[in-house]
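So you can see what is in the structure, the chains are spelled out below.
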Amino acid sequence: MPGYRTPDMLPAHDAAPALFDPCSLADAVPHSIWVISASGTILYANSRAARPTPGAPWVSIVHPDDVAAVELRSAIADLHPEPYEVDCRVGRADGSFRRHRVSFAPVRDDGTALRWIATGTDIEETEALRDDLAEVRCRLTQTGTLLEALEAAVPCGLAFMDPGSRLVRTNDTLAAMGAVPRSQQLGRTAGEVFPEIWAQIEANFHRAQATAEVVVGTVVTAPGDSGPRSWVVSCHPVYVDEALMGVGLMLIDVAERERAQAIRSAIMNDMADGLYTVDGEGRLTSMNRAASEMLGWQEAELLGKRAHSVMHAIRANGTHRPESECVLMQLRTAGESAQAVADAFNRKDGSTFEVTCSIAPLDAGDGKPGSVITFRDMTDARRAELELRHAQKLESLGRLSAGLAHEINTPIQFVGDNTRFLADACQDLLGLLRTYRECIATELGDVQWAERIRRAQAAEIKADVDYLTDEIPAAVEQSLEGVERVATLVRAMKTFSYKGSAAPARADLNEAVRTTLTVARNEVKYVADVVLELGELPDVLCHLSDLNQVFLNLLVNAADAVTEKGGRGEIRISSALDGPSVVITFTDNGTGIPHDVQPSIFEPFFTTKGVGKGTGQGLPLACAVMKKHGGSIEMSSTPGEGTVFTLRLPIDGRPA
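If you're wondering where the values come from, they're calculated on a predicted model, not measured in any experiment.

Thresholds, definitions, all that
Residues numbered from 1 in each chain as written. Predicted model: local features only at pLDDT ≥ 70, side-chain atom pairs only at ≥ 80, totals over all residues. Heavy atoms only, no water. Patch = residues over 30% accessible without salt bridge, like charges linked within 9 Å, V, L, I, M, F, W, Y side chains within 5 Å. Areas by Shrake-Rupley, 256 points an atom, 1.4 Å probe, with all protein chains shown as cover. Salt bridge = Lys/Arg side-chain N within 4 Å of Asp/Glu carboxyl O. Helix = DSSP H or I, 4+ residues; strand = E, 2+ residues; numbered from the N terminus. Buried < 20%, exposed > 50% of the residue type's maximum accessible area, 1.4 Å probe, protein only. Pairing = 2+ DSSP bridges. Axes fitted to C-alpha atoms, helices over the stretch in contact; angles between N-to-C directions. Contact = heavy atoms within 4.5 Å. Lys, Arg positive; Asp, Glu negative; His and termini not counted. Charge placed at Lys NZ, Arg CZ, Asp CG, Glu CD.

(A) Just a nonpolar patch on the surface, in detail. Judged by side-chain polarity, Val-238, Val-240 and Met-245 come together as a nonpolar surface patch covering roughly 220 Å² of accessible area. By secondary structure assignment, the location of Met-245 is in strand β10 (residues 243-253). Judged by relative accessible area, which is 42%, Met-245 ranks as partly exposed.

Right, dumping it as C-alpha cells:
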C-alpha cells in the first residue's frame, strides 16, 4: 500500500508464509489493523484502518480529547511490554470519529518490544446501544419511582391484577384493606386478599376483560380506620400490543365527596348570607336560597347571565353603573379577594338595597377562574345603626339637659316676670279706661267738665300712666326676645335630635354648626369664648343628623379640655371650601393630648377622661361617620397648648 510498509518489507522473522498474501489476509479481517513502531509511528495499516500521513504517529488518528489517556497507557506498556486494550475515538477518512476498542500486542526480541500490532474493533453501535439501554433503564427507574410516589400520595386505593386476578402490585391505601399482610399479598388472587371487596366487584372485573372497556361507578363498602367506608370502584383493562396484560383497580373514597356535598347543601340551603358564583366571564353559575330570597330571582332565571348587569348595575341613588366602575367586577377580573365591600344590589322588582360583600377567586378547573361572592342585606343593620346614632344623640341631649333647662329657664323667668307686670299694668289701664268711659257717659247729666277732668286725672295718677308708657313696650320687647330665645333653642334641639333617614340629603353645614353651638351653649359659655369663622359653603350631600352628633362631640371635648386646663379659654370653629370638599376645623387652647396616647384616640372605648366622664365612643363615632361620608377626620395636638380636629367632606357625597 502506498506510503506504508507491507509485510514483505518487514524483517524475515516477521514475514508471512508463502502460501498466502499477508496484505490480502489483513484486508479480509473485519477490524482495523496497524503495525506500530516502538517509537509510535505507523508502519502498516490495512484497508479498514484510518490512514494518516506516512510516518505519522499513531495517536494522530486519535480524537484530541482521548490522546492523553492513550499516551499514558502506551507509556505504561513500554515499561512492561504486555498486551493491553484501550477504548478511544479513532478518526475516519471523512474526518469523523468513531469509538473503537483497540488491542495492542507486542512483537518482542529478548524482552524488548520491536513493534506493536494494534487491532481496532468499531464499538460505536455497541456503545450507542449500551447508552440507549442505560437511558431506558434510567427512565424505567424514574417511572417506577414516580409511580410509587403517586401510588403513595393519591387518596385512593390502587392495584394491578393479571388476567387471572392475581395481584401484581398494590398501594398502601388498598393494601391496608387486605385480609392478609401486605408482604403476602402479591401473587395471590384478589379474592384471597380482599374477599369483601372482590365479592362486590368480581363481575365488573370479568366484564372489563370481556369488553375491553372501563367499568366505572360501582359503590362498595370496605373496612376503614374508623369503621366501614364507601368507595367508588372502577376497573381499567390494560392492553399492550392488543394483548391483555391485566386489569387496573381504583377505589375512590366517597366519604369526602359526601361530606363536601353536605357542606354545599348547607351553604346553598341553610346559609343566612346570600351567595352566588360566577365564571371567568362574570356569568352566574350558582346561587343559594338566601340570595334567591333577597334578590327575588330563582337560580334558573339567572344561570348564564352576567351577574353585574342583572344584580348591581344600578347604584343606590338610581344611576347606572358601568362594569368599569364596579368594584366587584374589578376585583373579580384581577382575581383578588376582598371583604366588607359596600355595594347596592337590585331586586327583581327594581328596588335596591344596601349590602356588604366579600369576594374570593374560585377555580372550577376549566382554566378560567371565576369568583364566589357572599353578601348580606344591610337594610336592618342600617336601620339599627340609625337607631343607635339616635340613641347616642338623645344620650348627649340627656347629658346637656341641665344646661338646656337653664338656657330655657332664664328667658322663661323674665318672660314670666314681664307677663305678671303686664297683667298688673293691664288691670290699671282697664281701670283708667272705665274712668274715661264714666267721664263721658250721659248719665252724669249736669256734672261740669272740670269735675270730669279731675276724675280722669285722678285715675291717671293712680294708674301711673307715664310709668306704664315707658315700661310696657320694654316688657313686651323683652318677652318677645325671651320667647324667640326659647323657640330658637327648641328648634335647635328638634333639629339636633331628628332621627334622620338612610338616604343622604343636602344641608347647610354652617347652620348645623350654629345649631350645635346653641344646644351646647350652657356647656361652653362658662369656660370658653367661641369664635365662629364660617366661610360661604354650598349645601353638602350628607346625613346631617350624624354630622350634628360629630360637631357636638368635638365641641364638648374642646370645652372639657379647656376646663381641665383651668382659666377661660377659646374655642374656634371655622369652615371653608377646598375644591370639591368642605373643611371644618375645631380648635381649642386646652390641655392638648399626650403624644403617647394620640395613636389610640380613635379606638372604641379609649378615653383620657376620668371615670364616669367619658365612654370612649365619641371620636370612634366621628371617625365612622366621616368614613361613611367618604370624608376624613384628622387630629393634631400639642400637649399643654391645644388640639385641632379637621373634618373634610365631599360636597356631592361619598364618591361612587
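(B) Local environment of the sheet that holds strand β21 (residues 632-638). Taken in spatial order, the five strands of this open sheet run β17-β19-β20-β22-β21, and their pairing is mixed. Pairing within the sheet leaves two strands with one partner each, and these edge strands are β17 (528-534) and β21. The average undirected angle you get between the axes of adjacent strands in this sheet is 10 degrees. Each of β17, β19 (569-578), β20 (581-588) and β22 (642-650) is contacted by helix α16 (residues 509-519), which is oriented at about 170 degrees to β17, the strand it contacts most. Along the sheet, helix α18 (residues 544-565) makes contact with β17, β19, β20 and β22, crossing β20 at roughly 25 degrees.

(C) How the structure looks around unusual backbone geometry. Despite not being glycine, Asp-241 has its phi angle at roughly 55 degrees, a positive value. Tracing the backbone shows Asp-241 in the loop between β9 (229-240) and β10. Taking relative accessible area as the criterion, Asp-241 reaches 76% and is therefore assigned exposed. Non-glycine residue Glu-242 carries a positive phi angle of around 65 degrees. Residue placement: Glu-242 occurs in the loop between β9 and β10. For Glu-242, a relative accessible area of 78% corresponds to the exposed category.

(D) Main features of a negative patch on the surface. On the surface, a cluster of negative charge is contributed by Asp-424, Asp-428, Glu-460, Asp-464, Asp-466, Asp-470 and Glu-471. Of all the elements in the fold, those that place two or more residues in the negative patch are α13 (401-439) and α15 (465-497). Here the negative patch gets three residues from one element, more than from any other, and that element is α15. The residue Glu-471 is located in helix α15 in this model.

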